[in-house]
Amino acid sequence: MERVVQQLEILTETDKEACEMPRISKEENRGNSRKMYIESYGCQMNFADSEIVTSILQEQGFDTTSDFNNADVIFLNTCAIRENAEQKVRNRLKHLTNVKKNRPGTLIGVLGCMAERLKSKFLEEERIVDMVVGPDAYRDLPRLVEEADGGQKAVNVFLSREETYADISPVRLNSNGVTAFISIMRGCDNMCSFCVVPFTRGRERSRDPYSIVAEARDLFAQGYRDVTLLGQNVDSYKWKASEESKETCNFAQLLEQVALIHPDLRVRFTTSHPKDFTDEVLHTMAKYENICKYIHLPAQSGNSRVLQLMNRTYDREWYLDRIAAIRRILGEECGISTDMIAGFCSETEEEHQDSLSLMEIVKYDFAYMFTYSERPNTPAAKKLADDISPEVKNRRLNEIIEMQQKSSLERNKLDLGKVHKVLVEGTSKRSEDHLQGRTSANKVVVFPKKHYKKGDYVNVFVNDCTNATLLGEAID
Ligand code: SAH
Ligand code: SF4
Ligand code: F3S
């Protein structure tokens, strides 16, 4: 979830769907005869999966390209979370029709969540598609490509109870060489009524901790300094060596093992679910300086009746108790962010006010904010009417965004006059003479370059801020 990059954009451009900006593969020429292009939509899980797909195809003798006009195979790794995420993919496919006209041998494959949702229906709806491949079927890609090469349409949308791709080394795409994502689990066993993910990604399963630690260690040896452990609900991470074995590992234990690799390796994680978020994780975070003090704890709504309709399995009080636990154990400095949905089925004006008041109480550093988008076949689509008009949804969303902008600025102002340890991720997007990095609390900091470089830890005195960025000077 390139959340960091989007952080600036969502608040400055109020692009409500900023999470769904595509990511594309880079140019990598190993002298192979065939080239693949991959474009990824949706969350960080999808971006991480694209790195697995690239690894599998490189083994099969494919180079990667950043220009689809040069590709023999074009993959779109798709997202189905909201209606407009799917619309983006359909528009992209229209655009690719010309490519296929000019180079008829080019194969087009749709991967990921939209592929899983629509299955072979995709082939009927979008004639230019040659392959439809769900998130658990990527090992089968070599066979599917061969089938498509032979002129057949190829489909594999089988969802697995075991697949974690644990043994596959991802090929890092769009990498800054400093930060990387590691998938620690797949699927989701929650049934939030609005959400398509349990249907597109299947049952929850946890990856073997040894392979996770080995991947993190390897990244550190390559110069990476910040890893984010990824899962839809990391707090329910639970691994067992075998049915009979007593050897188990929970999320707090996994976090500790990754933190122990090296004090200079920062560890982050996302997403936490309020119902499973334990004090044990908070105490582990407090124990290690290199576990970043930042928690993404999506509330979705501030009203208990709406939360119940959403089947989030916690209420407003429970959520606020978890926030109080964060403040008690990690203090005021810990960054907290949320996801909020405006205009869920039957949400009243008062209930919407509860979301605003929750935001006012918590004072999030950052938020991802959406209008409710009904997804076919989800529990909400089956049982509840999508009865809030688009105008009201958008007005409520704008109120939520406005509240968040105020609170981001307020939280950023608390950092003024303080020194923060910043890990440099690269040159600032706005100026070649400035570097950009993040604090432990996930705040973006921009400061004059001097002699510092990517991958350095720099102490920065913060002297100015906007609602999206801290500005400062390095202290030598
Ligand atoms: N596993 C994570 C989030 C996964 S999806 C969690 O439980 O929080 C990311 C976010 O998209 C969700 O948190 C939710 O805010 C939003 N979302 C999911 N389905 C949606 C829908 N149908 N309409 C609008 N927003 C949705
Ligand atoms: Fe969707 Fe809920 Fe699972 Fe998150 S926890 S992926 S919102 S079902
Ligand atoms: Fe992620 Fe979108 Fe799938 S948010 S899990 S890519 S539906």
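Residues numbered from 1 in each chain as written. Chains lettered and ligands numbered in written order. Predicted model: local features only at pLDDT ≥ 70, side-chain atom pairs only at ≥ 80, totals over all residues. Heavy atoms only, no water.

Draft legend 1. Spatial organisation of the site of ligand 3. For ligand 3, the full set of nearby residues is Cys43, Asn46, Cys79, Ala80, Ile81, Cys113, Val197, Arg201 and Gln232. Looking at the shell around ligand 3, you find at least three residues from each of domain 1 (2-156) and domain 2 (179-413). (Near = heavy atom within 4 Å. Domains from an automatic or database assignment.)

Draft legend 2. Region of the structure containing the domain arrangement of the protein. Under the domain assignment, the protein is made up of domain 1 (2-156), domain 2 (179-413) and domain 3 (419-474). Between domain 2 and domain 3, the C-alpha centre-to-centre distance is 26 Å. Counting residues at the interface gives 20 residues for domain 2, matched by 19 residues for domain 3. Regarding the contact of domain 2 and domain 3, the summed buried area is about 1,500 Å², with carbon and sulfur atoms giving 48% of it. Inspection of the domain 2/domain 3 interface yields three salt bridges. For lysine 443, the salt bridge is made with aspartate 365, and the minimal N-O distance between the two is 3.2 Å. Put simply, domain 2 and domain 3 have eleven residue pairs in polar contact (both at pLDDT 80 or more) between them. For the side of domain 2 that touches domain 3, the secondary-structure elements that each account for two or more residues are strand E14 (266-270) and helix H15 (390-413). (Contact = heavy atoms within 4.5 Å. Buried area = accessible area lost by both parts, 1.4 Å probe. Salt bridge = Lys/Arg side-chain N within 4 Å of Asp/Glu carboxyl O. Polar contact = N/O pair within 3.5 Å; in protein donor to acceptor, adjacent residues only side chain to side chain. Helix = DSSP H or I, 4+ residues; strand = E, 2+ residues; numbered from the N terminus.)

Draft legend 3. Broad picture of the sheet that holds strand E20 (residues 444-448). Taken in spatial order, the five strands of this closed barrel run E18-E19-E20-E22-E21, and their pairing is mixed. In this sheet, neighbouring strand axes are inclined to one another by 55° on average, regardless of whether the strands run parallel or antiparallel. Pairing geometry for strand E18 (residues 419-427) and strand E19 (residues 434-438), over four bridges, is antiparallel. Bridge assignment links threonine 427 to a residue of E19, and that residue is leucine 435. (Pairing = 2+ DSSP bridges. Axes fitted to C-alpha atoms, helices over the stretch in contact; angles between N-to-C directions.)

Draft legend 4. Structural view of the packing of helix H9 (residues 251-259) against helix H10 (residues 279-287). Taken N-terminus to C-terminus, the directions of H9 and H10 make an angle of 15°; their axes are 9 Å apart at the nearest point. As summarised for this structure, H9 and H10 are arranged roughly parallel, according to the angle between their axes. Here the hand of the crossing between H9 and H10 comes out right-handed. Contacts from Phe251, Ala252, Leu255 and Glu256 of H9 reach H10 at Glu280, Val281, Thr284, Met285 and Lys287. In terms of residue class, the contact of H9 with H10 is built from five nonpolar, one polar and three charged. (Parallel < 35°, antiparallel > 145°, perpendicular 65-115°, else oblique. Left-handed = near helix turned anticlockwise from the far one by under 90°. Nonpolar A, V, L, I, M, F, W, Y, C, P; charged D, E, K, R; others polar.)

Draft legend 5. Molecular detail of the UniProt feature "domain: MTTase N-terminal" (unreviewed entry) in the protein. When the UniProt feature table is mapped to this numbering, "domain: MTTase N-terminal" (unreviewed entry) covers residues 34-150. Secondary structure over residues 34-150 splits into 49% helix and 21% strand, and the C-alpha atoms at its two ends are 16 Å apart. (UniProt positions renumbered as here; feature names shortened; annotations may be inferred.)

Draft legend 6. Spatial organisation of the pairing of E20. Taken across its five residues, E20 has four buried, putting it largely inside the fold. Bridge count for E19 against E20 is five bridges, and the pairing is antiparallel. Bridge pairing in E20 links arginine 438 to valine 444. A loop of five residues connects E19 with E20, the two strands running antiparallel in sequence, and asparagine 442 in this loop sits at a positive phi of about 75°. When E20 meets strand E22 (residues 469-474), the two strands line up parallel, connected through three bridges. Bridging across to E22, valine 446 finds its partner in leucine 471. (Buried < 20%, exposed > 50% of the residue type's maximum accessible area, 1.4 Å probe, protein only.)

Draft legend 7. Seen up close, H10. If you check which residues of H10 are buried, you get Val281, Leu282, Thr284 and Met285. The buried residues of H10 occupy one face: seen down the axis, they fall within an arc of 160°. Where H10 is buried, its residues meet H9, E14, strand E15 (294-296) and helix H12 (316-330). (Arc of directions from axis to C-beta.)

Draft legend 8. Representation of the UniProt feature "binding site: [4Fe-4S] cluster 1" (unreviewed entry) in the protein within the structure. Mapped onto this numbering, the UniProt entry annotates "binding site: [4Fe-4S] cluster 1" (unreviewed entry) at Cys43, Cys79 and Cys113. These annotated residues cover 71 residues of sequence, but their C-alpha atoms sit close together, with the largest distance between any two at 10.4 Å. By the secondary structure assignment, cysteine 43 is in the loop between strand E2 (34-40) and helix H2 (44-59). Classification of cysteine 43 as partly exposed rests on a relative accessible area of 21%. Looking at where cysteine 79 falls in the secondary structure, it is placed in the loop between strand E4 (73-78) and helix H3 (83-102). Classification of cysteine 79 as buried rests on a relative accessible area of 9%.

Draft legend 9. Up close: the nonpolar core. Membership of the largest hydrophobic core comes to 70 residues, with the highest contact counts inside it found for Leu229, Phe251, Val258, Phe269, Ile295 and Ile326. Residues Phe68, Ile74, Ile128 and Val157 belong to the second largest nonpolar core, which totals 26 residues. (Core = buried A, V, L, I, M, F, W, Y, C linked by side-chain atoms within 4.5 Å.)

Draft legend 10. The environment of leucine 384, seen in detail. In this structure, leucine 384 sits in the loop between helix H14 (379-383) and H15. For leucine 384, a relative accessible area of 22% gives the class partly exposed. As for leucine 384 and leucine 144, which are separated by 240 residues in sequence, their C-alpha atoms are 39 Å apart. For leucine 384, the residues in contact, after removing those within four places along its chain, are Leu309, Phe344, Cys345, Glu374 and Pro379.

Draft legend 11. Region of interest: the pattern of salt bridges. Considering all chains together, one arrives at 45 salt bridges under this definition. For arginine 34, the salt bridge is made with aspartate 149, and the minimal N-O distance between the two is 2.9 Å. On the criterion of sequence distance, the pair formed by arginine 34 in strand E2 and aspartate 149 in helix H6 (residues 141-149) is long-range, its members being 115 residues apart. Assessed through its relative accessible area of 25%, arginine 34 is described here as partly exposed. Using a relative accessible area of 40% as the deciding quantity, one classes aspartate 149 as partly exposed. In this structure, arginine 375 engages glutamate 86 in a salt bridge whose closest nitrogen and oxygen atoms are separated by 2.9 Å. Of this pair, arginine 375 sits in the loop between strand E17 (366-371) and H14 while glutamate 86 is found in helix H3, placing the two residues 289 residues apart along the sequence. In terms of burial, arginine 375 and glutamate 86 fall into one category: buried. A cluster of three or more residues bridged by salt bridges with shared partners is formed by Arg327, Glu332, Asp365, Arg411, Asp415 and Lys443.

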